Amino acid sequence: MLNLAELKEILAQPQKIVITTHHKPDGDALGSSLGLYHYLVQQQHDVQVITPTDYPEFLQWMPGNDQVIIYTEHKEKSAALVQQADLIFCTDFNSLSRINELGEAVKVSSAKKIMIDHHLDPENFDDFRLWNTLACSASQLVYEFIAEFLGDKNSINANVATCLYTGIMTDSGSFRFPTTTSNVHRITADLIDLGADNAAIHQLVYDHSSENRLRFLGFCLSKKLEILPGYNTAVIAISKEDLAQFNIITGDTEGIVNYALSITNIRLAAFMIERTDKIKLSLRSKGTFPANEICKNYFNGGGHRNAAGGQSESTLEQVVHQFKTLLPAYKNLLTQ
Ligand code: 5GP
Ligand code: MN
């Protein structure tokens, strides 16, 4: 393990650094990675962001986007960078399975590994950890790493601020989840002062739907939404054929589950989607309902209490059935 003083000493010299984040990066995964990237580049390090997979178009405007290497498109180069790195920052994940094949390369690399994360149950692959499940986002933790751990708030430039603002905004549900504390608002205010253009960022992320995506959303809500009133639960299950019909691309399905959760009295919403190789589940809940417990125990996944995900090798019908048969065990939590 490294302590903070040792890490600071390492960072005082130029290092070869890889930053990586989870499969199908979201706004926080990419925001925390690129925010850290812009900070470390400014400190004269040789830095490379590597994502395990591609990510939505509505994030591709972020400063530094053109510097990101996508592992699935550049496997050998990514593996070499990971192998040669002195330091690997792992942001917004804490289990190597979340970075797919890249996990093995990170595991065997002799680089020192720094985890900056806010998910439950971290694995022990790191040498230094900034981990806090109460944080609204990994981007908040990157801010704290720079401003508090390294005492270097003055180095937060407009690019760093823009990326971190994006991560905090997206992972806090636009500043609405309970983790959006007054401290988060203070950090956000700092980021605006340091150059994040809040109105522009909202527009770039949220007003960026294709016509297809919006029509697909309409289809999900009018044709696919199933309400289970006895369990205050809503389910949307989408097949491969549905995806093909609307030419769905990475990012198009993000956020649809929240519409199901927005119905009065619904406490649990499930969005299930038939990807080429497996079924991907997204669960969202209100209040104390542990969506992550269902994902962890039954769907090989995890996440936060109110936002979790998982997967299954079964068919879509089987997954829907399995999910519904779990509900009686949670009836009290869902209805009382
Ligand atoms: P989403 O439903 O947007 O894919 O994910 C919601 C939350 O659950 C995110 O915080 C994400 O990190 C977590 N999550 C999603 N899929 C998985 C998974 O397969 N494994 C684990 N451990 N967490 C997941
Ligand atoms: Mn996050």
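Above this text you will find the structure in question.
The rules behind these values
Residues numbered from 1 in each chain as written. Chains lettered and ligands numbered in written order. Predicted model: local features only at pLDDT ≥ 70, side-chain atom pairs only at ≥ 80, totals over all residues. Heavy atoms only, no water. Near = heavy atom within 4 Å. Polar contact = N/O pair within 3.5 Å; in protein donor to acceptor, adjacent residues only side chain to side chain. Areas by Shrake-Rupley, 256 points an atom, 1.4 Å probe, with all protein chains shown as cover. Helix = DSSP H or I, 4+ residues; strand = E, 2+ residues; numbered from the N terminus. Disulfide = S-S within 2.5 Å. Axes fitted to C-alpha atoms, helices over the stretch in contact; angles between N-to-C directions. Parallel < 35°, antiparallel > 145°, perpendicular 65-115°, else oblique. Left-handed = near helix turned anticlockwise from the far one by under 90°. Contact = heavy atoms within 4.5 Å. Nonpolar A, V, L, I, M, F, W, Y, C, P; charged D, E, K, R; others polar. Salt bridge = Lys/Arg side-chain N within 4 Å of Asp/Glu carboxyl O. Buried < 20%, exposed > 50% of the residue type's maximum accessible area, 1.4 Å probe, protein only. Pairing = 2+ DSSP bridges. Donors = N, O, S within 2.8 Å, 3.2 Å for Na, K, Ca; no water. Phe/Tyr/Trp six-rings, centres within 6.5 Å; stacked < 30°, edge-to-face > 60°. Core = buried A, V, L, I, M, F, W, Y, C linked by side-chain atoms within 4.5 Å.

1. Brief notes about the site of ligand 1
Moving on, step 1. The immediate surroundings of ligand 1 are formed by 14 residues, with Arg98, His119, Ser282, Arg284 and Gln311 found nearest.
Moving on, step 2. Here an oxygen atom of ligand 1 sits 2.5 Å away from a polar atom, N or O, in the side chain of Ser282.
Moving on, step 3. The contact in question runs from an oxygen atom of ligand 1 to an N or O atom on the side chain of Arg284, over 2.9 Å.
Moving on, step 4. Coverage of ligand 1 by the protein chains reaches 80% of its 490 Å² of free accessible surface.
Moving on, step 5. Those elements giving two or more residues to the shell around ligand 1 turn out to be strand 10 (279-285), strand 11 (302-303) and strand 12 (307-312).

2. Some points on the state of the cysteines
As used in these notes, a disulfide is a covalent bond between sulfur atoms, one from each of two cysteines.
Moving on, step 1. Summed over all chains, the structure comprises 0 disulfides.
Moving on, step 2. The thiol of Cys90 is not disulfide-bonded; the next cysteine sulfur, from Cys163, is found 18 Å away.
Moving on, step 3. Looking at the unpaired Cys136, the closest cysteine sulfur is the one in Cys163, lying at 15 Å.

3. Some remarks on the packing of helix 2 (residues 27-42) against helix 6 (residues 158-171)
Two numbers describe a pair of packed helices, the interaxial angle and the distance between the axes.
Moving on, step 1. Two elements in contact, helix 2 and helix 6, have axes separated by 7 Å at closest approach and are oriented at 160°. With respect to helix 6, the element helix 2 is oriented roughly antiparallel. Read as a crossing pair, helix 2 and helix 6 show a hand that is left-handed. Contacts between helix 2 and helix 6 involve Gly27, Asp28, Gly31, Ser32, Leu34, Gly35, His38 and Tyr39 from the first element and Asn159, Val160, Cys163, Leu164, Thr166, Gly167, Thr170 and Asp171 from the second.
Moving on, step 2. Along the lines of polarity and charge, the residues of the contact of helix 2 with helix 6 split into 5 nonpolar, 9 polar and 2 charged.

4. Focus on the pattern of salt bridges
Moving on, step 1. Evaluated as defined, the whole model comprises 8 salt bridges.
Moving on, step 2. The salt bridge partner of Lys296 is Asp121, with a shortest N-O separation of 3.2 Å. Placement of the pair is Lys296 in helix 12 (residues 291-298) and Asp121 in the loop between strand 5 (112-117) and strand 6 (128-131), with a sequence separation of 175 residues.
Moving on, step 3. Among the ionic pairs, Glu226 bridges to Lys324, the shortest N-O distance being 2.9 Å. Taken together, the residues span a long stretch of sequence, with Glu226 in strand 7 (residues 225-228) and Lys324 in helix 13 (residues 316-326) at a distance of 98 residues.
Moving on, step 4. A residue is classified by how much of its surface remains accessible, and Glu226, at 32% relative accessible area, is partly exposed.
Moving on, step 5. Using a relative accessible area of 27% as the deciding quantity, one classes Lys324 as partly exposed.

5. Looking at the sheet that holds strand 5
Strand pairs in the sheet, formed through backbone hydrogen bonds, run parallel or antiparallel to each other.
Moving on, step 1. Read across the open sheet, the 6 strands follow the order 3-2-1-4-5-6; overall the sheet is parallel. Looking along the sheet, the strands with just one partner apiece sit at the ends: strand 3 (69-70) and strand 6.
Moving on, step 2. Pairing of strand 1 (residues 16-21) with strand 2 (residues 46-51) involves 5 bridges; the strand directions are parallel. Bridge pairing in strand 2 places Ile17 opposite Val47.

6. Let's talk about the coordination of the manganese ion (ligand 2)
Moving on, step 1. Ligation of the manganese ion (ligand 2) by protein atoms is provided by Asp28 (OD), Asp92 (OD), His118 (NE2) and Asp171 (OD), these donors lying 2.1 to 2.4 Å from the ion.
Moving on, step 2. Counting the intervening residues between successive donors of the manganese ion (ligand 2) yields the motif D-x63-D-x25-H-x52-D. Within this pair, whereas Asp28 is found in helix 2, its partner Asp92 is found in the loop between strand 4 (87-91) and helix 4 (102-108), the two being separated by 64 residues in sequence.
Moving on, step 3. The buried category is assigned to Asp28, whose relative accessible area is 0%.

7. A closer look at the packing of aromatic side chains
Moving on, step 1. As enumerated under the stated definition, the model contains 9 aromatic pairs in all.
Moving on, step 2. Linked through ring pairs, Phe89, Phe128, Phe145 and Phe149 together constitute an aromatic cluster.

8. Focus on the nonpolar core
Moving on, step 1. Ile19, Leu40, Phe89, Ile116, Phe145 and Leu191 are the most contacted members of the largest nonpolar core, which has 49 residues in total.
Moving on, step 2. Ranked by the residues each element gives to this core, the list is headed by helix 6, at 7 residues.
Moving on, step 3. Beyond its immediate chain neighbours, meaning those up to four positions away, Phe145 contacts Leu7, Leu11, Leu36, Phe89, Ile116, Phe128, Leu130 and Leu150.
Moving on, step 4. Ala237, Ile294, Val319 and Leu334 belong to the second-largest nonpolar core, a separate cluster that totals 23 residues.

By themselves, these observations are geometric and do not establish any function.
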